[in-house]
Structures are given as structure tokens and as C-alpha cells.
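# Summary of the model geometry
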Amino acid sequence: MKRSEIDRHIDWAIDLCKRLHFAMPSFAYWTEKEWEDRKAETEHLINVMQGWDVTDYASNDFDKIGAVLFTLRNGNVYDPTKGTPYCEKIIAMKAGQLLPMHFHYSKTEDIINRAGGTLCVQVYNSKSEAEGYAVDTESDVHLRLDGKPVTIPAGGWVEVSNGNSITLFPYIYHQFIAKKEDGDLIVGEVSSINDDRKDNHFATPFTFDPIVEDVPAKHHLCNGYLQK
């Protein structure tokens, strides 16, 4: 993706949070210069990778497949003395936008509809490592909706309305769609900490392309910290 596109998508997400009255922490609005000027204050934020992230999942069609994410709080899975033993994020999604099918090796997560439209979640179990973690199109999926145990048939969809949540356990494949007719959406995620670079397994593998630096960066990216 181009840097100009990334900054435009973050600007959109900031506006969405304002429109839906979802308050963000002050560092969500810091400019690149403010990050540079506040270096002495940001060691912890950098260590646990709090802040913005944007991806189109190598689709080259962000409005169809993509998301803007913001890590509000986090820990360090390799150093329990740093950060918190839990993680919280938001995912800003455009109406009709899809976040593709994947599972997590270690992370358990509550996915919460924080504001806006309707979150649609499709779920499958994963087959074993010996079977290449293929999508299991036959077995029922056991999960929780707001703490209540439910059984969903393979490939079934769950609609999560404002304020409600779905709990997803490791090795449960899931993809999200912001229901198009219900508008833009802010999804919350409260989870165990993990290393996002190693814990995500996508049903259709892809490679993240490097950012095309067509303009100076306006917003800091949490994954960009590692490049500094």
C-alpha cells in the first residue's frame, strides 16, 4: 500500500470514531513530529506495539478486503514484566468490508461490536497440523456468545449487534464482514497477548508488501516501530 493511502484510511477511522462517539486515547492523534518530540515518553508504547495499523491483506482492494486497527493496550509475550497480561484493540471496518479467514495458534479473543453497524462472523474448525491446518467443513464449532456456550455448524454465520460479543478460541477459523446495509463499524477485541507476527494463520496465505513511501508519513504505525 502507498503511505498516502494508509494515512487516508487512518484519517477515515479517526473520523468514524468521532462520528460514533468512541473516544480514543490522546496518542492516537499524535503527528509524526509529536512522536519524535516525545521519544522519552514512548518507550513502553513502542515495546508493546500500541497504535495504528492498516492492511489490505495483499488484496489491492482495501474497501473490499482490509481493516484499520488500533492497539489500545498490550503486553509483551516474551517479557511478562512489560505491559499488561491482556490486549485490547479496535478494528474500524467500512460497510461491506471483509477481514479474511484465519485462526490464532495461541490467542483467545472476545470480539465485541462497539458501535455502528452489524458484525457478521463466519466460523469453522481447523484440521490438525498433519492435515495442513485445512478448513474443517464438517464439524460443529463450539464457542461462546456473551459468555453463553453455543454450537455453530461448520461455515455458519453469527451476527453480533451493538454491545454484544463472540469468544473465539485458538484454531477456530473466522472471518469478519461489516454487514453492508447496516453501515460502518467499530469492532473491539479483548484478548490474551500474543505475537501477531507469528500467531495468525490465514486460510489463504499471502505476503505483506512493503509500504510505498510516496509521501512523508502523517501517522505512526505500530508495526512501523520496528523499522525505526
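Everything that follows concerns the structure shown earlier in this document.
Report follows, based on the coordinates. Predicted model only: the values in this text are computed from it and were never measured.

### Some details on the packing of aromatic side chains
- One pass over the full model with this rule turns up 16 aromatic pairs.
- Here the aromatic rings of F103 and Y171 are separated by 5.2 Å at their centres, their planes lie at 40 degrees, and the arrangement is tilted. Here Y171 lies in the loop between β11 (165–168) and β12 (172–178) and F103 lies in strand β4 (residues 98–104), a separation of 68 residues in the sequence.
- Classification of Y171 as partly exposed rests on a relative accessible area of 34%.
- A centroid spacing of 6.0 Å and a plane angle of 80 degrees characterise the contact between Y105 and Y171, whose relative ring orientation is edge-to-face. Here the residue Y105 occupies a position in the loop between β4 and β5 (109–116), and Y171 occupies one in the loop between β11 and β12, the gap between them amounting to 66 residues.
- Classification of Y105 as partly exposed rests on a relative accessible area of 30%.
- In textbook terms, an aromatic cluster arises when at least three aromatic residues are bridged by ring pairs, as seen for F27, W30, W35, W52 and F70.
- Seen from the ring of W12, K94 lies directly overhead, with NZ or CZ sitting 5.3 Å from the centre.

### Quick word on the pattern of salt bridges
- Within the structure shown, the criterion is met by 17 salt bridges.
- Ionic pairing is found between E213 and R3, a salt bridge with its closest N-O pair at 2.8 Å. One end of the pair, E213, is in the segment after β14 (200–202); the other, R3, is in helix α1 (residues 3–19), and 210 residues separate them in sequence.
- Residue E213 is classed as partly exposed on the basis of its relative accessible area of 48%.

### Details of unusual backbone geometry
- One non-glycine residue with positive phi stands out, namely H21, at about 60 degrees.
- Mapped onto the secondary structure, H21 falls in the loop between α1 and α2 (32–37).
- What makes H21 exposed here is its relative accessible area of 73%.
- Even without being glycine, N60 reaches a positive phi, approximately 60 degrees.
- By the secondary structure assignment, N60 is in the loop between β1 (51–55) and β2 (67–75).

The rules behind these values
Residues numbered from 1 in each chain as written. Predicted model: local features only at pLDDT ≥ 70, side-chain atom pairs only at ≥ 80, totals over all residues. Heavy atoms only, no water. Phe/Tyr/Trp six-rings, centres within 6.5 Å; stacked < 30°, edge-to-face > 60°. Helix = DSSP H or I, 4+ residues; strand = E, 2+ residues; numbered from the N terminus. Buried < 20%, exposed > 50% of the residue type's maximum accessible area, 1.4 Å probe, protein only. Lys NZ or Arg CZ within 6 Å of the ring centre and 35° of its normal. Salt bridge = Lys/Arg side-chain N within 4 Å of Asp/Glu carboxyl O.

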